[in-house]
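In case you want the letters, here they are:
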Amino acid sequence: MMEWAKESLEKVEASRPARIDQPAPQPDESEADSILRQYHPDYLGHERKVEVGPNAGEQKFPLELAQLLEGDSPLEPDYAPHPEIETDVLIIGGGGAGATAALTLEGSGLSVHLATKLRLGDSNTVMAEGGIQSALGVDDSPRRHFADAMVGGHGENDPDLLRILCEQGPESIRWLSQLGCLFDQNEDGRFSLRGGGGTSVPRVLACRDYTGLEIMRVLKDAVRLTGTQILEEHVAMELVDDGKGRVTGAILFDRNSGKTVCVSARAVILATGGSGQIRLQGFPTSNHVGATGDGLVLAYRQGCRLIHLDSYQYHPSGACYPEALAGQLVTEAIRSIGAQVVNAEGVHFIDQMAYRDVLAGAIIKETLEGRGVKTPHGRTGIWLDTPMVDLKKGSGSLARQFPGLIHRFERYNIDPARKPILIYPTLHYQNGGIRVDSECRTDVAGLWACGEVTGGLHGKNRLMGNSLLDITVFGRKSAESVLHNIPERGAVTLTHLKRYRTERSKIEGVTVSPKFFPDASGMKLKPVAVEEKQEAGSSSSNFEPRNPFNF
Ligand code: MEZ
């Protein structure tokens, strides 16, 4: 396998013994800055200002996002909202943040509906592999956690949000453990803590390399036992307001009945997650298929300001080969225990634990300057020297700690314990988002937001493991804030949307937004009938695994 890369693989193998204990070059501040400015996708000018809404004429947005923010609603112009569901709290989003908010509201006496575009749990939470940060180690403290994240975020983090995140870390782990989350432990029974890029001490707890999946498992099971009404396959098309500036519910689209459902709510919590599936600059993504930035569009139309959305995280180690895995996450945790990043010549060209944005830029630079490895599909990547893990940590370590990685690659006859794998940056995380205060309140009354859809907490570069903590801490915080500040029921109108439509009438073109599903998925608002799906899936390429039903 990988015969096409034989020559380069031989060089990687040949240089390994000399590399094993040699530190790689660490870019100093000015080198790091120059790498970012010349090679990081955020800095290449693929952005513009928008002409409508609260950020008009100010902050720049990636081109693909700007187009969605200026788009028109999928609602017919004459659509008149008549509530079919009345609830106290409507949570939009069925990932970790939404589920946590629902659990926190249980027993409060408030009625809660949770609407999710796909199924409960379908979210970026389940895609998160390497872990969750919490200052539990002996030499650690929330202050230290704060300092690390602030440096990593280029000093642009909202200090109030970040302080809450770090202080709530240990309690959040206790809460998740009590729900049944099985974090890895050492032989002495203490939680096993790993380092991450930018952590000054080991602080990352993990469940092997499926930490987000494990967290979502317990959250999902717990939510299903509550009184929360779960509306699966209900896509949020628009928010509604009382005509006086307060959000009072949403228009959903039930994918199964093919009908809209108008919900009147006293409070709405947006927990719709990220937007990697809008594929900025055509980048592959590690995100869940539902991550199309819908919440950003909905909140923006209501008048919420967005911050730091010129900043996205390109995870340095996305899979680059085989083609069917392109963009999938290869967790940073593998690098944190010794897998080096190595170019086509077998050179360990940069410390693999450099900040994510700098490392991503350095990998892109390496490939653009001709020191990458070209795949048969025309991608170019560099090596992640995964066999190094067993050499450093003992035979079997890679497979024991990263079963998900082994499982994904062995289907393509690649054993990462024996051969390096090719990686290239993948669009991983939306660093910015809806501006919120420390109670998760947005700029618009009646609307709260939590998790990846929000901005400010992580500044312009989130550290590994702070997103799973974010959804836990602020999922809870948003629900507590709603509980203490819940407004009375208000009228349900489309006043905000009408105002937005008038404002955007100067925009040329007819983009409809939110996007709901990525173009490449072929998914539509209404699910495709099973027979159609089978027909569409009948073609196969050499690089797809065999259809297991085809005997
Ligand atoms: O928080 C993350 O982005 C994370 C833990 C990713 C990873 O590399 O596993």
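Everything numeric here is computed off the predicted structure, so don't read it as measured data. (Residues numbered from 1 in each chain as written. Predicted model: local features only at pLDDT ≥ 70, side-chain atom pairs only at ≥ 80, totals over all residues. Heavy atoms only, no water.)

(A) Looking closely at the overall build of the protein. Secondary structure summary: the protein contains 17 helices and 19 strands in total. Its C-alpha atoms give the protein a radius of gyration of 23 Å, near enough to 24 Å, the size a compact globule of 551 residues would have. In terms of overall dimensions, the protein has C-alpha extents of about 70 × 55 × 50 Å along its principal axes. Relative to all contacts within the protein whose residues are 6 or more apart in sequence, the contacts with residues 24 or more apart total 75%. Per element, the accessible surface of the protein, about 22,200 Å² overall, is 49% carbon and sulfur. Of the charged side chains in the protein, 59 are positive and 71 negative, and the gap between their average positions amounts to 1 Å. (Helix = DSSP H or I, 4+ residues; strand = E, 2+ residues; numbered from the N terminus. Rg over C-alpha atoms; globule rule 2.2 N^0.38 Å. Contact = heavy atoms within 4.5 Å. Areas by Shrake-Rupley, 256 points an atom, 1.4 Å probe, with all protein chains shown as cover. Lys, Arg positive; Asp, Glu negative; His and termini not counted. Charge placed at Lys NZ, Arg CZ, Asp CG, Glu CD.)

(B) Focus on the pattern of salt bridges. Within the structure shown, the criterion is met by 38 salt bridges. Across the pair R190 and D188 runs a salt bridge whose closest N-O atoms are separated by 3.2 Å. For R371, the salt bridge identified is with E369, shortest N-O distance 2.6 Å. Judged by relative accessible area, which is 26%, R371 ranks as partly exposed. E369 sits in the partly exposed class, given a relative accessible area of 35%. (Salt bridge = Lys/Arg side-chain N within 4 Å of Asp/Glu carboxyl O. Buried < 20%, exposed > 50% of the residue type's maximum accessible area, 1.4 Å probe, protein only.)

(C) Focus on helix α4 (residues 96-105). Judged by how many residues are buried, α4 sits mostly within the fold: 10 of 10 residues are covered. When α4 is considered as a whole, its buried residues turn out to be G96, A97, G98, A99, T100, A101, A102, L103, T104 and L105. On its buried face, α4 is in contact with β3 (85-92), β4 (112-115), α7 (169-179), α8 (211-224), β10 (259-270) and α15 (466-485). The positive-phi residue at the C-terminal boundary of α4 is G107, with phi of around 85 degrees.

(D) Structural view of the side chain of N466. Its location among the elements puts N466 in helix α15. With near-sequence residues (within four places) excluded, N466 lies in contact with Q133, H145, A149, L165 and H458.

(E) A look at the packing of aromatic side chains. Scanning the entire structure with this criterion turns up 6 aromatic pairs. Seen in terms of ring centroids, F283 and Y314 are 4.7 Å apart; in terms of plane orientation they differ by 65 degrees. Their pairing is edge-to-face. Highlighted residues: F283 in the loop between β10 and α9 (294-302) and Y314 in strand β12 (residues 312-319), separated in sequence by 31 residues. F283 gets classed as buried once you look at its relative accessible area, which sits at 9%. For Y314, a relative accessible area of 1% corresponds to the buried category. Aromatic ring contacts, followed pair by pair, group F61, Y300 and Y500 into a single cluster. Lying across the ring of F517, K117 places its NZ or CZ 5.3 Å from the centre. Seen from the ring of Y429, R462 lies directly overhead, with NZ or CZ sitting 4.0 Å from the centre. (Phe/Tyr/Trp six-rings, centres within 6.5 Å; stacked < 30°, edge-to-face > 60°. Lys NZ or Arg CZ within 6 Å of the ring centre and 35° of its normal.)

(F) Focus on the environment of D357. By secondary structure assignment, the location of D357 is in helix α11 (residues 356-368). The exposure class assigned to D357 is buried, which follows from its relative accessible area of 7%. Spatially, the C-alpha atoms of D357 and H40 are 6.9 Å apart, while their sequence positions differ by 317 residues. The residues contacting D357, other than those within four sequence positions of it, are L36, H40, H154, K460 and N461.

(G) Examining the sheet that holds strand β17 (residues 433-435) more closely. Reading across the sheet, the 3 strands line up as β11-β17-β19 and stay open at both edges, with mixed pairing between neighbours. Both edges of this open sheet fall to β11 (306-307) and β19 (454-455), since each of them pairs with a single strand only. Examined bridge by bridge, β11 and β17 share 2 bridges and lie antiparallel to one another. The residue of β17 that forms the bridge with L306 is I434. On top of the sheet, α9 reaches β11 and β17; it is set at about 35 degrees to β17, its chief contact. (Pairing = 2+ DSSP bridges. Axes fitted to C-alpha atoms, helices over the stretch in contact; angles between N-to-C directions.)

(H) Examining the site of the ligand more closely. Every one of the 13 residues lining the ligand counts as a neighbour, but G130, H315, T331, E332 and H428 are closest to it. The contact in question runs from an oxygen atom of the ligand to an N or O atom on the backbone of G465, over 2.8 Å. Protein coverage of the free-state accessible area of the ligand, which is 270 Å², stands at 99%. Residues belonging to the shell around the ligand are distributed by class as follows: 2 nonpolar, 7 polar and 4 charged. (Near = heavy atom within 4 Å. Polar contact = N/O pair within 3.5 Å; in protein donor to acceptor, adjacent residues only side chain to side chain. Nonpolar A, V, L, I, M, F, W, Y, C, P; charged D, E, K, R; others polar.)

(I) Looking closely at the state of the cysteines. Across all of its chains, the model carries 0 disulfides by this definition. Take C304: it sits in no disulfide, and the sulfur closest to it among the cysteines is that of C440, at 13 Å. Residue C304 is classed as buried on the basis of its relative accessible area of 0%. Cysteine C450 shares no disulfide, and the gap to the nearest cysteine sulfur, in C440, comes to 5.9 Å. With a relative accessible area of 1%, C450 lands in the buried category. (Disulfide = S-S within 2.5 Å.)

(J) Focus on the confidence of the model for the protein. The predicted model of the protein has a mean per-residue pLDDT of 95, with 96% of residues at 70 or higher. Confidence, expressed as mean pLDDT per element, reaches its minimum in the protein at helix α17 (residues 530-536) with 52 and its maximum at strand β18 (residues 447-449) with 99. Contacts from residues 538-542, a stretch scored under 50 in pLDDT, to residues over four places away or in other chains number 0 contacts. (pLDDT = per-residue confidence, 0-100.)

(K) Region of interest: unusual backbone geometry. For the bond from Y321 to P322, the omega torsion is 0 degrees, close enough to zero to count as cis. Among the secondary structure elements, P322 is positioned in the loop between β12 and α10 (332-336). The omega angle of the peptide bond from S513 to P514 is 0 degrees, so this bond is cis rather than trans. Despite not being glycine, F516 has its phi angle at roughly 70 degrees, a positive value. Assessed through its relative accessible area of 6%, F516 is described here as buried.

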